[in-house]
Every structure is written in structure tokens, then in C-alpha cells.
Amino acid sequence: MDVACAFPTALDSPDNIALAESLGYTRAWVYDTPQQSPDVWMTLALAAERTERIGLGPGVLVPSLRHPMANAAATATLAALAPGRVSVAFGTGFTGRRAMGYRAITWSFMDAYLTAYRGLLRGETVEWEGKRMRMLHPDGHAPARPVEVPVLVAALGPKGNEVARKHGDGLYLTLQLPEFMSEHSRVPYLAWGTVLDEGEAPSSEHARLAGGPGWALAYHGAYEFGGPDAVRDLPGGERWLAVVDRAPADERHLAVHSGHCVALNEADQAAWDAGGHAILNDVTISGTRDQVRGKLDDLAARGVTEIVFQPCGPDIKAELERFYDAAAANPS
């Protein structure tokens with residue numbers, strides 16, 4: 001199982017990606033979340049200039065945020081800057097849309113979008129929004145078509161899997177491991193957590209800062225996909241809801257997604273303080289070094305081909321080092 005990393009796109013992400021390369025990570029993914037991040041393609045271009053080996057890609061692009069020609073041109077640009085190192089993943093918009101109050105895009109839209117996007121990269125004339133178009137880049141403006149890059153699809157249900165089988169070169173997963181993942185030969189799995197010292201409690205300050213942002217996704221995901229009742233089933237869920245419900249209904253998504261994947265927001269902190277930290281090791285790849293290694297063994301046995309670790313907290317270097325030490329020693 002390859003050991004990769006991910007970053008919630010930030011101004012220091014290119015430097016962190018270069019650091020990850022020096023530590024041995026095989027690939028770095030960055031998020032397409034414009035409501036809280038710098039531009040994903042600018043960030044990847046800077047990372048390409050500062051690295052030589054590590055794979056690079058957006059994980060995941062949200063189709064509604066850009067015209068397929070814009071993403072095709074950006075993909076071609078990155079492929080020219082980092083030849084042989086680029087993979088691209090697409091998703092329906094858990095953060096990239098929901099944090100702005102929208103619902104996820106439909107799989108029929110994803111199907112049409114990927115048809116156009118992949119056709120453009122092949123050099124074909126495609127139709128989008130009733131108009132015929134083709135990549136017209138002359139020599140020196142983009143690599144010659146076809147531009148060959150692996151495309152992964154973030155799918156958790158049967159409709160998504162159908163699109164992934166039709167257009168994708170694998171799955172890009174997080175939060176869940178669907179049974180159909182066995183149908184795909186390439187399956188990166190995005191996860192959060194932290195390696196705890198022997199005897200360190202999941203309520204420690206280090207655990208809160210480094211593992212907390214990933215832990216909070218259990219509450220964010222439960223709310224978005226299962227509603228308030230799903231959150232109430234989590235420890236500290238009532239406290240979490242009490243904070244979120246103070247926001248006006250049409251701005252509640254802002255309270256949910258503030259600090260998403262970076263730090264605990266007010267609702268997250270309330271749940272943590274109310275005992276929510278007790279499930280840290282259950283909902284993230286957290287635990288002692290040996291416990292983390294055991295979790296990675298299990299993921300590999302279930303068909304994950306690439307663990308994608310997002311470090312959090314004030315010391316990104318230490319978190320990358322801790323996790324890679326545990327993962328690289330994993331016999332899988």
C-alpha cells in the first residue's frame with residue numbers, strides 16, 4: 001500500500017508537499033475548496049516547481065466549480081510541469097459545495113462532465129452546453145493531445161460506481177469503504193488522525209490539535225448525510241447541535257463547515273469537551289504506533305491501495321514524520 005498525503009490547500013502547501021517528498025511520501029493531493037482555500041491549480045503548479053518525484057493532483061475537483069475546458073487546460077498545464085506525476089480525482093462536492101450551501105451535484109451531471117473533460121484531453125471535439133469545442137492549444141501552449149492522466153472518481157454508492165467504471169481509472173475514497181471497491185485496482189483512501197505516544201490519552205492537547213479536525217468530520221458528515229438525529233447518536237452530539245442551531249437556518253452550513261479539516265470550530269469544540277474525544281480512535285486513523293499500523297493492515301486487506309494521510313495541528317512536519325514512520329514499517 002502506497003503512503004500518500006493530502007493538504008487542505010493553503011499558502012504553505014507547496015512547501016509541505018516538498019517536505020513530504022523528502023520524507024518518502026509517494027503522492028500529494030490538495031483540495032478544491034475555494035470558499036476556504038487558495039486556488040488548487042496554482043498551488044499544484046508551485047508544488048511541481050519545488051519537487052521532482054512525488055505524485056501530484058487535485059483530490060477532489062468539483063465539476064460545478066469550473067468549466068470542463070478550464071479543468072482540462074489546467075490538467076494539461078500541470079502534466080507539462082510534472083510529467084508522469086499527475087493524477088486527477090473528481091467528487092460531487094462534500095465540502096466544495098456543501099460549505100457554500102449547495103447540495104452535491106448529480107451523478108448524471110458528473111457523467112456528462114467527465115465525458116467532455118476526458119474527450120478534451122484526448123483531443124476530441126466535444127459538446128458542452130449545446131456548443132462544440134476542442135482544445136486548440138498550439139505547440140508550446142500545452143502538451144500535444146492526447147494528454148494521458150489517470151482519473152479517479154470519489155464514489156460511495158452504485159450510481160457513483162457506475163460513473164467510476166465508465167470514466168475512471170480507480171476510486172478515491174474517504175469516510176466509507178464500499179463493497180464495490182474490490183472492482184477497482186486503484187483505491188486511494190483519504191484519512192485523518194495522529195500517532196499517539198504510549199499512554200497518551202485521546203483527550204490530550206496534542207490529540208485535539210492533530211487528530212481533532214479529522215475527528216470532527218464524523219459530526220460534519222453525520223449532519224450532512226443523516227441529519228440532526230444522526231449527530232445526536234454521537235457523544236457530545238447534543239452540544240454540537242446546540243451551537244449549530246444558533247445560526248440562522250440559511251447560514252447553518254457556515255457553522256458546520258467553519259474550520260473544516262483544519263481546526264475545531266465552536267460546535268466541534270463543544271462536542272469534544274462533552275466527551276466526544278472518546279471516539280477519536282474509532283473515527284480516525286489514530287492510536288499508538290502499533291495501533292495505527294494495525295489499522296493500515298486492515299485497510300490494505302480490504303483493498304485500499306494508497307493511504308492518503310492529512311496531517312493537522314501546529315507541527316505538520318512532526319505529524320508527517322510520525323505517520324510515515326508507522327506506515328512505512330507496515331508490512332502491507
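Residues numbered from 1 in each chain as written. Predicted model: local features only at pLDDT ≥ 70, side-chain atom pairs only at ≥ 80, totals over all residues. Heavy atoms only, no water.

Glancing now at the overall build of the chain. Tallying secondary structure elements over the chain gives 13 helices and ten strands in all. Computed over C-alpha atoms, the radius of gyration of the chain comes to 20 Å, within 12% of the 20 Å expected from 2.2 N^0.38 for 332 residues, which places it in the range of a compact globule. Its C-alpha atoms put the chain at 60 × 45 × 35 Å along the principal axes. Out of the 332 residues belonging to the chain, those deemed buried represent 53%. The long-range share in the chain, meaning contacts at least 24 apart out of those at least 6 apart in sequence, stands at 69%. Total accessible area computed for the chain in this model is approximately 14,000 Å², and 51% of it derives from carbon and sulfur atoms. One finds the centroid of the 29 positive side-chain charges in the chain at a distance of 6 Å from the centroid of its 41 negative side-chain charges. (Helix = DSSP H or I, 4+ residues; strand = E, 2+ residues; numbered from the N terminus. Rg over C-alpha atoms; globule rule 2.2 N^0.38 Å. Buried < 20%, exposed > 50% of the residue type's maximum accessible area, 1.4 Å probe, protein only. Contact = heavy atoms within 4.5 Å. Areas by Shrake-Rupley, 256 points an atom, 1.4 Å probe, with all protein chains shown as cover. Lys, Arg positive; Asp, Glu negative; His and termini not counted. Charge placed at Lys NZ, Arg CZ, Asp CG, Glu CD.)

Here the focus is the nonpolar core. In summary, soluble globular proteins display a tendency toward joint burial of nonpolar side chains. Membership of the largest hydrophobic core comes to 68 residues, with the highest contact counts inside it found for Tyr25, Leu56, Phe90, Tyr117, Leu320 and Phe323. In terms of residue count, helix α4 (residues 107-121) provides more of this core than any other element does, eight residues in total. Non-local contacts of Phe90, meaning those with residues more than four positions away in its chain, are made with Val60, Leu61, Pro63, Asn71, Met110, Tyr113, Leu114, Tyr117, Val151, Leu152, Val153 and Ala154. One finds Ala216, Ala267, Ile279 and Leu280 within the second-largest nonpolar core, a separate group that totals 20 residues. (Core = buried A, V, L, I, M, F, W, Y, C linked by side-chain atoms within 4.5 Å.)

Let us now look at the environment of Tyr31. Residue placement: Tyr31 occurs in the loop between β2 (27-30) and α2 (40-50). Measuring from C-alpha to C-alpha, the distance between Tyr31 and Leu196 comes to 26 Å, with 165 residues separating the pair along the chain. With sequence-adjacent residues up to four places away left out, Tyr31 is seen in contact with Ala6, Phe7, Pro8, Thr9, Val40, Gly59, Leu190, Trp192, Cys261 and Gln310.

What follows deals with α2. Those residues of α2 that sit buried are Val40, Trp41, Thr43, Leu44, Ala47 and Ala48. Around the axis of α2, the buried residues are gathered within 155° of arc, so they sit on the same side. Every exposed residue of α2 that faces more than 90 degrees away from the buried side is listed here: Met42 and Glu49. Elements that come into contact with the buried residues of α2 comprise α1 (13-23), β2, β3 (55-58), α3 (68-81) and β4 (88-90). A distance of 3.0 Å separates the backbone nitrogen of Trp41 from a side-chain oxygen at the start of α2, and that oxygen is part of Asp39. (Arc of directions from axis to C-beta. Polar contact = N/O pair within 3.5 Å; in protein donor to acceptor, adjacent residues only side chain to side chain.)

Summarising the element assignment, Glu306 is placed in strand β10 (residues 306-310). Buried charge without a partner: Glu306 forms no salt bridge, and the closest opposite charge is Arg186, 4.1 Å away. Of the polar contacts made by the side chain of Glu306, one reaches the side chain of Trp29; its length is 2.8 Å. Non-local contacts of Glu306, meaning those with residues more than four positions away in its chain, are made with Met1, Asp2, Ala4, Arg27, Trp29, Arg186, Val187, Pro188 and Tyr189. (Salt bridge = Lys/Arg side-chain N within 4 Å of Asp/Glu carboxyl O.)

A separate point is helix α13 (residues 316-328). With 13 residues, α13 extends 18 Å between its outermost C-alpha atoms, agreeing within 8% with the 18 Å of an ideal straight helix rising 1.5 Å per residue. Buried residues of α13: Ile316, Glu319, Leu320, Phe323, Ala326 and Ala327, and no others. Along the axis of α13, the buried residues cluster in a sector spanning 140°; they form a single face. On the buried face of α13, the contacting elements are β1 (2-7), α1, α6 (205-226), α12 (289-301) and β10. (Expected span 1.5 Å × (residues − 1).)

It is worth spelling out the pairing of β2 at this point. Burial of the side chains of β2 extends over both faces: Arg27 and Trp29 are buried on one face and Ala28 and Val30 on the other. Here three bridges tie β1 to β2, and the two strands are oriented parallel to one another. Note on β2: the bridge partner recorded for Phe7 is Val30. Since β1 and β2 lie parallel, the crossover through α1 that links them has a hand, and here it is right-handed. Bridging between β2 and β3 involves four bridges; their strand directions are parallel. (Pairing = 2+ DSSP bridges. Right-handed = clockwise from strand over helix to strand, strands pointing away.)

Right, let's get into the layout of surface pockets. Here the second largest pocket defines a volume of roughly 210 Å³. In terms of lining, the second largest pocket is formed by 13 residues, of which the most central are Pro8, Ala10, Val262, Pro311 and Ile316. Looking at the lining of the second largest pocket, its residues break down into eight nonpolar, four polar and one charged. (1 Å grid on protein atoms, 1.4 Å probe; cavity = no way out; pocket = protein on both sides within 12 Å on 5 of 7 lines; lining within 4 Å. Points joined across faces, edges and corners; volume = space filled by probe spheres on them. Nonpolar A, V, L, I, M, F, W, Y, C, P; charged D, E, K, R; others polar.)

Just distances and angles here, no functional claims.
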